[in-house]
Amino acid sequence: MDNPLFERLRDDACAFRPIDRAAAFRCVTDDALPLQTLVEIAAIPRHHFFGRKVQIHIINNIRNGLCPEDCGYCAQRKTATEEIPTYAMKSEEEVMKEAENAYASGAYRYCLVSSGRGPNGNGVARLANIIRAIKTRFPSLKICLSAGILKDH
């Protein structure tokens with residue numbers, strides 16, 4: 001490693017010191033810095049804290065397609081060219097069965113993803129009930145939800 005920034009990052013990673021803001025910004029903006037070296041530096045504290053363990057996260061699209069938003073990272077955005085199957089929100093029974101499969105597969109986290117702007121008041125209550133049911137049945141399973149833009153109701 002013949003780069004002072006990389007050497008500092010490596011030394012900080014080995015000493016478990018956080019990266020400073022300027023160095024972090026440079027890492028993601030400077031095309032002269034090889035990505036592979038950054039990955040190797042990031043692996044130092046990751047390996048220290050987690051070894052070779054991984055956490056399995058299962059993503060479940062509970063509602064798919066017909067999104068009016070244009071989130072650049074999303075395959076379901078309105079300008080996407082991918083062929084996306086469309087379906088309304090899955091039933092609680094279907095989501096619970098898929099949560100059971102995720103849990104049985106050793107998932108650490110079960111992520112519910114819903115296309116669209118966000119649920120209305122009834123949709124929020126429905127999602128809350130589904131999440132409560134999952135947590136009651138599988139208390140150790142972490143849950144996350146991407147439901148779009150929520151409004152105060």
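Reference entry: report on the structure contained in this document. (Residues numbered from 1 in each chain as written. Predicted model: local features only at pLDDT ≥ 70, side-chain atom pairs only at ≥ 80, totals over all residues. Heavy atoms only, no water.)

## Here we look at the overall build of the protein chain
Moving on, step 1. Along its length, the protein chain carries five helices and three strands.
Moving on, step 2. For the protein chain, the N- to C-terminal ordering of α and β elements is α-α-α-β-α-β-α-β.
Moving on, step 3. Whereas a compact globule of 153 residues would reach a radius of gyration of roughly 15 Å, the protein chain reaches 20 Å, over 25% beyond that.
Moving on, step 4. Considered along the principal axes of its C-alpha atoms, the protein chain spans approximately 55 × 35 × 30 Å.
Moving on, step 5. Per-residue burial for the protein chain yields a buried fraction of 27% across its 153 residues. (Helix = DSSP H or I, 4+ residues; strand = E, 2+ residues; numbered from the N terminus. Rg over C-alpha atoms; globule rule 2.2 N^0.38 Å. Buried < 20%, exposed > 50% of the residue type's maximum accessible area, 1.4 Å probe, protein only.)

## Observations regarding the pairing of strand 1 (residues 57-63)
Moving on, step 1. Pairing of strand 1 with strand 2 (residues 109-114) involves six bridges; the strand directions are parallel. Of the residues in strand 2, the one forming a bridge with Ile59 is Cys111.
Moving on, step 2. Between the parallel elements strand 1 and strand 2, the chain passes through helix 4 (residues 92-104) in a crossover that is right-handed. (Pairing = 2+ DSSP bridges. Right-handed = clockwise from strand over helix to strand, strands pointing away.)

## Re the sheet that holds strand 3 (residues 142-146)
Moving on, step 1. Taken together, the three strands give an open sheet; going across it, the order is 1-2-3, and neighbouring strands pair in parallel fashion. The sheet is open, and its two borders are formed by strand 1 and strand 3, each paired with just one other strand. If you compare each strand with its neighbour and ignore which way they point, the axes differ by 20 degrees on average.
Moving on, step 2. In the packing of helix 4 onto the sheet, the strands contacted are strand 1 and strand 2, and the crossing angle to strand 2 comes to about 145 degrees. (Axes fitted to C-alpha atoms, helices over the stretch in contact; angles between N-to-C directions. Contact = heavy atoms within 4.5 Å.)

## Some thoughts on the environment of Pro85
Moving on, step 1. Note that Pro85 resides in the loop between strand 1 and helix 4.
Moving on, step 2. With relative accessibility at 52%, the residue Pro85 sits in the exposed group.
Moving on, step 3. For Pro85 and Arg63, which are 22 residues apart along the polypeptide, the C-alpha to C-alpha distance reads 9.9 Å.
Moving on, step 4. Once residues within four sequence positions are removed from consideration, Pro85 is found in contact with Asn64 and Gly65.

## Points about unusual backbone geometry
Moving on, step 1. A positive phi angle, near 60 degrees, is found at Phe16, a position not held by glycine.
Moving on, step 2. For Phe16, the position within the fold is in the loop between helix 1 (4-14) and helix 2 (21-29).
Moving on, step 3. Here Phe16 falls in the partly exposed class, since its relative accessible area comes to 37%.

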